[in-house]
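Descriptive structure summary
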Amino acid sequence: MSSGSSFSGDETAPFFGFLGAAAALVFSCMGAAYGTAKSGVGVASMGVMRPELVMKSIVPVVMAGVLGIYGLIIAVIISTGINPKAKSYYLFDGYAHLSSGLSCGLAGLSAGMAIGIVGDAGVRANAQQPKLFVGMILILIFAEALALYGLIVGIILSSRAGQSRAD
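- An unreviewed UniProt entry lists the protein under the name V-type proton ATPase proteolipid subunit, with Castanea mollissima as the source organism.
- You can read under Subunit (unreviewed entry) in the UniProt record for the protein the words "V-ATPase is a heteromultimeric enzyme composed of a peripheral catalytic V1 complex attached to an integral membrane V0 proton pore complex."
- Under the UniProt heading Sequence similarities (unreviewed entry), the entry covering the protein gives this text: "Belongs to the V-ATPase proteolipid subunit family."

Next up, the structure:
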């Protein structure tokens, strides 16, 4: 560390914090993109047979899009917590932010894959048997809950940053 710098803490720690912010956003958006694309293919295929059900079948696409917002929330929380010139930022803090971003991002990715697969099959099945709509929505809600669990754990882990030492 140079003598003219006002940096306090570990110099490599912000790398892990910013990596966590990037992981949260990238993985969540990958899940959102996959879920949107896979569900969208099902909606387009179903729309050829039953065009009147297209707006009703947009639900999986919307639910997949919300996953990206979860990653954005965690990325903003993490990035606002990284200011090593104002407050010491140690490796503990960087690892807390990295784990926060990974938990939210990977949960969002897995939820997006589940939403995409269920959405694709669900809207096609709903076109043939309308009684399946409620069941499809329930499965989608449980898949979305997986990403919500990742968001909650990410917020908890992110809040642990800054508690490694008494400054």
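Moving on from the model shown.
**A look at the packing of aromatic side chains**
- Taken as a whole and judged by the stated rule, the model has two aromatic pairs.
- Each ring, one from Phe 15 and one from Phe 16, has its centre 5.3 Å from the other, and the planes form 75 degrees; the classification is edge-to-face.
- A relative accessible area of 53% places Phe 15 in the exposed class.
- Every member of this aromatic cluster is reached through a ring pair, and the members are Phe 15, Phe 16 and Tyr 95.
- When the ring centre of Phe 133 is taken as origin, the NZ or CZ atom of Lys 56, which lies over that ring, is 4.5 Å away.

**Some points on the UniProt feature "transmembrane region" (unreviewed entry) in the protein**
- The UniProt record annotates "transmembrane region" (unreviewed entry) at residues 15–37, 58–78, 98–120 and 132–157.
- Counted over residues 98–120, helix gives 100% and strand 0%. Its end C-alpha atoms are 33 Å apart.
- In this annotation, residues 132–157 is assigned 96% helix and 0% strand; the end-to-end C-alpha distance for the span is 38 Å.

**Considerations on the side chain of Ser 158**
- Tracing the sequence through the fold places Ser 158 in helix 4 (residues 133–160).
- Excluding anything up to four places from it in sequence, Ser 158 contacts Ile 77, Ile 78, Ala 96, His 97 and Ser 100.

**Quick look at the side chain of Ser 39**
- Mapped onto the elements of the fold, Ser 39 is located in helix 1 (residues 13–49).
- Within the structure, the side chain of Ser 39 is placed 3.5 Å from the backbone oxygen of Ile 115, a separation counted as a polar contact.
- Excluding its chain neighbours within four sequence positions, the residues that come into contact with Ser 39 are Pro 60, Val 61, Ile 115, Gly 116, Gly 119 and Asp 120.

**A word on the nonpolar core**
- Leu 67, Tyr 70, Ile 74, Ile 115, Met 136 and Leu 140 are the most contacted members of the largest nonpolar core, which has 25 residues in total.
- At the level of elements, helix 1, helix 2 (59–80), helix 3 (91–128) and helix 4 are the ones that each hand at least two residues to this core.
- In this structure Ile 115 touches Ser 39, Pro 60, Met 63, Ala 64, Leu 67, Leu 140, Ala 143 and Glu 144, once residues within four positions along its chain are discounted.

Definitions and limits used
Numbering of residues starts from 1 in every chain and runs along the sequence as written. Given that the model is predicted, a residue must reach a pLDDT of at least 70 before its local features are reported, and side-chain atom pairs must reach 80 or more before they are shown or counted; all residues, however, enter totals for whole chains, interfaces and linings. Hydrogens and water molecules were not included; the side-chain quantities draw on all heavy atoms of the structure. UniProt positions are given in the numbering used here, feature names are shortened, and annotations may be inferred rather than shown by experiment. Any two rings among Phe, Tyr and Trp, with Trp reduced to its six-membered ring, count as a pair given centres within 6.5 Å; such a pair is stacked if its planes are under 30 degrees apart, edge-to-face if over 60, and tilted if neither. Relative accessibility thresholds used throughout: buried, under 20% of the residue-type maximum; exposed, over 50%; partly exposed, between the two (1.4 Å probe, protein chains only). Two conditions define a charge sitting above a ring: the NZ of Lys or the CZ of Arg must be within 6 Å of the ring centre, and it must be within 35 degrees of the ring normal. Strands here mean DSSP runs of E at least two residues long; helices mean DSSP runs of H or I at least four residues long; both are numbered from the N terminus. Here, residues are in contact when the closest pair of their heavy atoms is within 4.5 Å. Pairs of N or O atoms are called polar contacts if they sit within 3.5 Å, as long as, within protein, a hydrogen donor faces a hydrogen acceptor (for residues adjacent in sequence, only side-chain-to-side-chain pairs). Each nonpolar core is a collection of buried residues, namely Ala, Val, Leu, Ile, Met, Phe, Trp, Tyr and Cys, held together in the definition by side-chain atoms within 4.5 Å.

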